[in-house]
Amino acid sequence: MTNSAARTARLALVGDRSPNVASHTRVPLLLDALAERDRLHLDAYWIPSQDAEAEAEDAVRGFDAVWVLPGSPYRSEAGVLAAVRTAREEGIPFLGTCGGFQHALLEYARHVCGLTRVAHAENDPGADDFLIEPLACSLVGHEAVVRIEPGSLAQAAIGSERTVERYFCAYGPSRHLDTLRAHGLRFTGHDEDGHVRIAELPGHPFFLATLFQPELSGDGSRPHPVVRALARAAVEHAAREAGMRA
């Protein structure tokens with residue numbers, strides 16, 4: 001039987017795993033819930049950022065999805081950016097949450113937009129040109145409304161044009177947003193002050209980044225729709241790859 005709903009997909013969890021990072025400890029609960037509630041079976045592997053740097057484009061190649069989790073500053077910014085780039089260029093379903101969102105934008109700015117000198121203020125506070133800066137009002141510990149663009153991947157995943165999400169971010173995008181838009185990145189979720197909170201890449205099978213942390217929604221027994229959407233995309237990717245090999 002080749003029903004994709006029963007197929008196991010391989011998920012790369014990119015980040016420096018720590019018992020002190022809440023989103024990292026939540027992952028096993030989410031994987032169990034996805035399997036039990038949704039019949040979405042994911043075989044997850046942690047890839048530390050330094051390993052991702054050492055293996056470069058091969059670190060996440062062959063996986064059915066890539067999830068860059070919070071926990072920045074990462075030990076290797078270069079490793080995280082390499083994982084994002086491979087997922088983006090090779091059509092591997094991708095989710096970046098919190099720090100993953102920030103680094104997805106940083107990768108796109110440098111490698112697609114040609115903004116090779118832009119930096120993340122957390123990683124390189126002495127840089128001349130920041131893409132990701134300290135937020136004027138830190139979102140750490142806040143819940144806030146996110147308004148979602150109709151017809152977007154985010155809207156399809158969440159099933160609504162309005163959602164309330166939990167934040168743990170002290171940094172966000174500010175400069176060069178028009179350049180990112182001009183090169184194809186789409187910003188489809190904003191808070192009530194108009195600040196960007198969701199980004200996605202049209203034309204990619206599944207490329208979504210959120211400044212909030214959907215993995216911390218509820219108690220883990222009911223995965224957030226964004227997490228469920230990534231799992232579905234991973235299983236579909238696994239089925240396509242198997243079909244091509246058959």
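Sequence order sets the numbering: in each chain, residues are counted from 1 along the sequence as written. The predicted nature of this model means local features are confined to residues of pLDDT at least 70 and side-chain atom pairs, given and counted, to a pLDDT of 80 or more, with totals for whole chains, interfaces and linings taken over all residues. Hydrogens and water are ignored here; the side-chain numbers use all heavy atoms of the structure.

K.L.:
Help me out: how do you make sense of the packing of helix H3 (residues 77–90) against helix H4 (residues 99–111) in this one?
P.N.:
Two numbers describe a pair of packed helices, the interaxial angle and the distance between the axes. Here an axis means a line fitted to C-alpha atoms, over the contact stretch when the element is a helix, while the angle between two N-to-C directions is reported on a 0 to 180 degree scale. Strands are runs of DSSP state E lasting at least 2 residues, helices are runs of H or I lasting at least 4, and numbering of each runs from the N terminus. At a minimum axis distance of 9 Å, the contact between H3 and H4 shows a crossing angle of 75°. Between H3 and H4, the interaxial angle falls into the category roughly perpendicular. In this structure, H3 uses Glu77, Val80, Leu81, Val84, Arg85 and Arg88 to contact H4, whose residues at the interface are His103, Ala104, Leu106, Glu107, Tyr108, Arg110 and His111. Each angle gets one of four labels, with under 35 degrees taken as roughly parallel, over 145 as roughly antiparallel, 65 to 115 as roughly perpendicular, and the rest as oblique. Residues count as neighbours in contact if any of their non-hydrogen atoms are within 4.5 Å of one another.

K.L.:
Could you clarify how one ought to interpret the layout of surface pockets in this entry?
P.N.:
Using a 1 Å grid laid over the protein atoms alone, points where a 1.4 Å probe fits but cannot get out form a cavity; open sets with protein on both sides within 12 Å along at least 5 of 7 lines form a pocket; any residue with an atom within 4 Å of a point counts as lining. Grid points are joined across faces, edges and corners, and a volume is the space filled by probe spheres set on the points. The computed volume of the second largest pocket comes to approximately 240 Å³. What lines the second largest pocket is a set of 17 residues, among which Pro70, Gly71, Cys98, Phe168 and Gln213 lie closest to the centre. Looking at the lining of the second largest pocket, the elements that each hand over two or more residues are helix H1 (22–38) and H4.

K.L.:
Would you explain helix H7 (residues 225–245) in this entry?
P.N.:
Helical geometry: 3.6 residues make up each α-helical turn, so side chains three or four residues apart lie on a common side. Here a helix's expected span is defined as the number of its residues, less one, multiplied by 1.5 Å. Taking 1.5 Å per residue as the helical rise, H7 with its 21 residues ought to reach 30 Å, and the 30 Å between its terminal C-alpha atoms agrees with that figure. Listed as buried for H7 are Val226, Val227, Arg228, Ala229, Leu230, Ala231, Ala233, Ala234, Val235, His237 and Ala238. Each residue is assigned to one of three classes by its accessible area relative to the maximum for its type, calculated with a 1.4 Å probe on protein chains only: buried under 20%, partly exposed between the two thresholds, exposed over 50%.

K.L.:
So what exactly am I meant to see when it comes to the pairing of strand S7 (residues 143–148) here?
P.N.:
On any regular strand, side chains alternate: one points to one face of the sheet, the next to the other face. Strands are labelled as partners when DSSP assigns at least two bridges between them. One ladder, built from 5 bridges, connects S7 with strand S8 (residues 162–166); its direction is antiparallel. Note that in S8 the partner of arginine 147 across the bridge is arginine 162. Relative to strand S10 (residues 186–191), S7 is paired through 3 bridges, and the arrangement is antiparallel. Bridging across to S10, isoleucine 148 finds its partner in glycine 189.

K.L.:
Any chance you could explain the state of the cysteines here in plain terms?
P.N.:
Structurally, a disulfide amounts to a covalent bond that connects the sulfur atoms of two cysteines. A pair of sulfur atoms, both from cysteines and within 2.5 Å, is called a disulfide here. In this structure the tally under the stated criterion is 1 disulfide. Disulfide pairing places cysteine 98 opposite cysteine 169 at an S-S distance of 2.4 Å. Taken together, the positions of cysteine 98 in the loop between strand S4 (94–97) and H4 and cysteine 169 in the loop between S8 and strand S9 (171–173) put the pair 71 residues apart, joining distant regions of the chain. Just as cysteine 98 is buried, cysteine 169 falls in that class too.

K.L.:
Even after reading the chapter, I still don't get unusual backbone geometry, so can you show me in this structure?
P.N.:
Note on backbone geometry: most residues besides glycine have negative phi, and most peptide bonds are trans. Cis peptide bonds are those with omega within 30 degrees of zero, and the linkage from serine 72 to proline 73 qualifies with 5°. Among the structural elements, proline 73 can be located in the loop between strand S3 (65–68) and H3. The residue cysteine 98 is not glycine, and still its phi comes out positive at about 55°.

K.L.:
Explain the sheet that holds S7 to me, please; I cannot follow it from the model alone.
P.N.:
Working definition: the strands of a sheet are paired by backbone hydrogen bonds and lie parallel or antiparallel to each other. Across the sheet, 9 strands lie side by side as S2-S1-S3-S4-S12-S11-S10-S7-S8; this open sheet has mixed pairing. Looking along the sheet, the strands with just one partner apiece sit at the ends: strand S2 (41–47) and S8. Sheet twist, expressed as the average angle between the axes of neighbouring strands with direction ignored, equals 25°. In this sheet, strand S11 (residues 196–200) lies alongside S10 in antiparallel orientation, the contact comprising 4 bridges. Bridge assignment links arginine 186 to a residue of S11, and that residue is glutamate 200. Sitting on the sheet, H3 touches strand S1 (8–14), S3, S4 and strand S12 (207–210), and the angle it makes with S3 is about 145°.

K.L.:
Whenever I open this one, the sheet that holds strand S6 (residues 130–134) confuses me. Can you help?
P.N.:
Strand order in the open sheet formed by 3 strands is S5-S6-S9, and the pairing between neighbours is mixed. This sheet does not close on itself; its edge strands, each paired only once, are strand S5 (119–120) and S9. Alignment of S5 against S6, held across 2 bridges, turns out to be parallel. Looking at S6, one finds that histidine 120 is bridged to isoleucine 132.

K.L.:
I keep staring at the environment of histidine 183 and nothing clicks. Help me out?
P.N.:
Here histidine 183 shows up in the loop between helix H6 (177–182) and S10. In this structure the C-alpha to C-alpha distance between histidine 183 and alanine 82, which are 101 residues apart in sequence, comes to 19 Å. In contact with histidine 183, other than residues within four places in its own chain, are Tyr108, Val112 and Cys113.

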